Amino acid sequence: MYPIADYTEARTLEEAIEQLSSNPGLLIIAGGTDLLIKLYHGKLDTVQLLSLRQIKSLQIITENGDGSISIGSLSTFKEIGGHPIVQQGIPILAEAAMAMGGPQIRSMATIGGNICNGIPSADSAPALFALNAILKLQSKEGERAIPIQEFYRGPGQVDLKQGELLTEILITPDNYQHFGGCYIKFSMRKAMDIATLGVAATCKLNGTARFGQVRIGLGVAGPTPLRCTLAEEYAVGKAVNGLTIAEIGKIAVQSAKSRTSWRASKEYREHLIEELTQRALTTAITRAGGVIDYA
Amino acid sequence: MLKEISFTINGKKETMTINAGETLLEVLRERLHLTGAKKGCEVGECGACAVLVDGTAINSCIYLAVWADGREIVSIEGIAKGGLPSKLQEAFIAEGAIQCGYCTPGFVISATSMVESGKCYSKEDVKQGLAGHLCRCTGYQNIIRAVMKTLEQ
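We now turn to the structure provided with this report.

What counts, and at which threshold
Positions within a chain are numbered from 1, following the residues in the order the chain's sequence is written. Numbering of ligands from 1 and lettering of chains from A proceed in the order in which they are written. The predicted origin of the model limits local features to residues at a pLDDT of at least 70 and limits the giving and counting of side-chain atom pairs to 80 or more, whereas totals for whole chains, interfaces and linings rest on all residues. Runs of H or I in DSSP of at least four residues are treated as helices and runs of E of at least two as strands, each being numbered from the N terminus. With C-alpha atoms as the basis for the radius of gyration, the globule rule is written as 2.2 Å multiplied by the number of residues raised to the power 0.38. Think of it as a crowd count around each C-beta: if 20 or more other C-beta atoms lie within 10 Å the residue is buried, if 12 or fewer it is exposed, and in between it is partly exposed, with C-beta placed from the backbone throughout. Here, residues touch in the contact sense if the C-beta positions derived from the backbone fall within 7 Å of one another. By this rule, a helix spans an expected 1.5 Å times one less than how many residues it contains. Here, strands pair whenever DSSP counts at least two bridges between them. Helix axes are fitted to C-alpha atoms over the stretch in contact, other axes to C-alpha atoms as well, and angles between N-to-C directions run from 0 to 180 degrees. Throughout, the term roughly parallel applies to angles under 35 degrees, roughly antiparallel to angles over 145, roughly perpendicular to angles from 65 to 115, and oblique to all others. It is the rotation of the near helix from the far one that decides the hand of a crossing: anticlockwise by less than a right angle makes it left-handed, clockwise makes it right-handed. In the scheme used here, Gly and all other residues not listed as nonpolar or charged are polar, with Ala, Val, Leu, Ile, Met, Phe, Trp, Tyr, Cys and Pro taken as nonpolar and Asp, Glu, Lys and Arg as charged.

1. Details of the overall build of chain A
Counting its secondary structure elements, chain A contains 12 helices and 14 strands. Whereas a compact globule of 295 residues would reach a radius of gyration of roughly 19 Å, chain A reaches 19 Å, a difference of no more than 12%. Counting only C-alpha atoms and orienting by the principal axes, one finds that chain A spans roughly 65 × 45 × 30 Å. The burial tally for chain A puts 49% of its 295 residues in the buried class. Across chain A, the fraction of contacts at a sequence separation of at least 24, relative to all contacts at a separation of at least 6, is 66%.

Dropping the structure here:
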């Protein structure tokens, strides 16, 4: 029995926003796979919950007329991992979704919850960072859109204002079309584990032999997920060869703010960043139709 | 806070008043005395409490009972038909896929959803499909063999 004093089921987004603005003490519940566990461990006192589970408009995954892909915040990891639009357009996110938890957790956990909890190890985050995802937030005052990089403020801290709900994750075509991508989750076990490090690499090539753009998103490499901008800038226009890839891996470490935790030491994480950035990028290049010159 | 919910459990309709903080697992075990689903880790890690909700395996320890309203629930008690074990359950027995038995209801639930999906599964798919279940008697090989055998039938 969880200490739940009050439970309300919102039927529509408008109803949820209305409820949230009239009662600031409400906590949002969606899949419950993080919140209920916090309750179980006594990390929260008795709570009043507002459930978003019945809001159909937040469960839609679609490709818009301008080629952008919208993912409703209430989409589960199972839905994202198996959705043809995600698999074809942004397969790196499908890959990340299927790396999270196990089947029963993926059937419940939502991407909106994964983002709004603000944990540095969120499996969706490195891919969403690499895709320059835009988050749409709605409150009584209206809607605002914010890049995911600006949403994360610190460990467990996100820029979600009082009375605000995350409604949609938007990926614009210039951030996924003609890109190849790869997500590597490094963890002690292949399932049901928290990432020791997560690396998402995407790239777009000029022809088959030169880098156009490279994006590298890291999870668990700092207090928030982050991008390796130094390495990304270095890559632009460089030849697609083993030396460039090795250098990108080395430079990627400079953007990280790794620390020692019981899962891994700072030094080990930095080693992982260098190595796994190279591996993820190598796969991303192949998926973008590139050929790596190892001569 | 009390809530009234109606749902189907193993083909039987139930309506009851529950507390908003109750889990589906608690309702099954303590109100309906269906003790097949087990309370293991209580945090969604071990899969011993798995049941099917509208055909999808979920962990009932982190599934609020209010969410079961209007849904069709199948617990391990609903897998055998007419007192006879399912093909999958028979395969578990034949392959020695059971030791202490605590994890077994959960494994059978997830494997049943695979068998009933009609999809094709490789051995690797089966492993991934069962990744949300822990067996501390280390009987994984026999469990995987039992599921593969049923899928091949």
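So that's the structure; there's more coming.
2. Looking at helix 3 (residues 104–117) of chain B
Over its 14 residues, helix 3 of chain B extends 20 Å from the first C-alpha to the last, a length consistent with the 20 Å expected when each residue adds 1.5 Å. Elements that come into contact with the buried residues of helix 3 of chain B comprise helix 6 (103–106) of chain A together with strand 3 (50–53), strand 4 (56–59), helix 2 (87–94), helix 4 (123–129) and helix 5 (140–152) of chain B. In the stretch just after helix 3 of chain B, Gly118 of chain B is the one whose phi turns positive, near 75°.

3. Some details on the sheet that holds strand 2 (residues 12–19) of chain B
All names here are of chain B. Read across the open sheet, the five strands follow the order 2-1-5-3-4; overall the sheet is mixed. Since the sheet does not close on itself, it has two edges, and those belong to strand 2 and strand 4, each with one partner. For this sheet the average axis-to-axis angle between neighbouring strands, irrespective of direction, equals 40°. Relative to strand 2, strand 1 (residues 2–9) runs antiparallel, the two sharing eight bridges.

4. Observations regarding unusual backbone geometry
All names here are of chain A. Backbone geometry places Asn132, a non-glycine residue, at a positive phi of 50°. Position of Asn132 relative to the elements: it lies in the loop between helix 8 (125–130) and strand 6 (134–139). A tally of 19 C-beta atoms within 10 Å means that Asn132 is categorised as partly exposed. In this structure, Met192 takes a positive phi of about 50° despite not being glycine. Owing to 20 C-beta atoms within 10 Å, Met192 belongs among the buried residues under this scheme.

5. Some details on the environment of Pro105 of chain B
All names here are of chain B. Within the secondary structure layout, Pro105 lies in helix 3. Taking the C-alpha atoms as reference points, Pro105 and Ala80, 25 residues apart in sequence, are found 12 Å from one another. Setting aside its immediate chain neighbours within four residues, Pro105 contacts Gly36, Ala37, Lys38 and Ile76.

6. Things to note about the sheet that holds strand 1 (residues 4–9) of chain A
Residue and element names in this part refer to chain A. The sheet built from three strands is open, its strands ordered 1-3-2 with parallel pairing. Pairing within the sheet leaves two strands with one partner each, and these edge strands are strand 1 and strand 2 (27–29). Strand-to-strand, the axes of this sheet are offset by a mean angle of 30°, without reference to chain direction. Relative to strand 3 (residues 47–51), strand 1 runs parallel, the two sharing five bridges. Looking across to strand 3, one finds that Glu9 is bridged to Ser51.

7. Structural notes on the packing of helix 3 of chain B against helix 5 of chain B
Residue and element names in this part refer to chain B. Packing of helix 3 against helix 5 brings their axes to within 10 Å, and their N-to-C directions diverge by 25°. Considering the angle they form, helix 3 stands roughly parallel to helix 5. Here helix 3 runs over helix 5; the crossing is right-handed. On the side of helix 3, the interface is formed by Phe107, Ala111, Met114 and Val115, while helix 5 contributes Ile143, Val147, Thr150 and Leu151. For the contact of helix 3 with helix 5, the per-class residue count stands at seven nonpolar, one polar and no charged.

8. Overview of the environment of Gly212 of chain A
All names here are of chain A. Positionally, Gly212 belongs in strand 13 (residues 210–219). By C-beta crowding, Gly212 is classed as partly exposed, having 15 other C-beta atoms within 10 Å. Separated by 49 residues in the primary sequence, Gly212 and Gly163 place their C-alpha atoms 41 Å from one another. Each residue touching Gly212, except ones within four places of it in the same chain, is listed here: Lys204, Leu205 and Asn206.

9. With respect to the interface of chain B and chain A
Residue-level contacts link 25 residues of chain B with 21 residues of chain A. Counting residues per element, the side of chain B that touches chain A draws most heavily on strand 4 of chain B, at four residues.

10. A short note on the pairing of strand 4 of chain B
Residue and element names in this part refer to chain B. Where strand 3 meets strand 4, four bridges bridge the pair, whose relative direction is antiparallel. Looking at the pairing, Ala50 lines up with Asn59 of strand 4. Taking the residues between adjacent antiparallel strands as the criterion, strand 3 and strand 4 are bridged by two residues, where Asp54 takes a positive phi near 50°.

11. Focus: the packing of helix 11 (residues 242–255) of chain A against helix 12 (residues 266–287) of chain A
Residues and elements named next belong to chain A. Axis separation between helix 11 and helix 12 bottoms out at 8 Å; the angle between their running directions is 140°. The orientation of helix 11 with respect to helix 12, classified from their angle, is oblique. As for the relative orientation of helix 11 and helix 12, their crossing is right-handed in sense. Contacts between helix 11 and helix 12 involve Ile245, Ala246, Ile248, Gly249, Lys250, Ala252 and Val253 on the former and, on the latter, Glu270, Ile273, Glu274, Glu275, Thr277, Gln278, Leu281 and Thr282. Among the residues making up the contact of helix 11 with helix 12, the classes are represented as seven nonpolar, four polar and four charged.

Everything listed here is a matter of geometry and, on its own, says nothing about what the molecule does.
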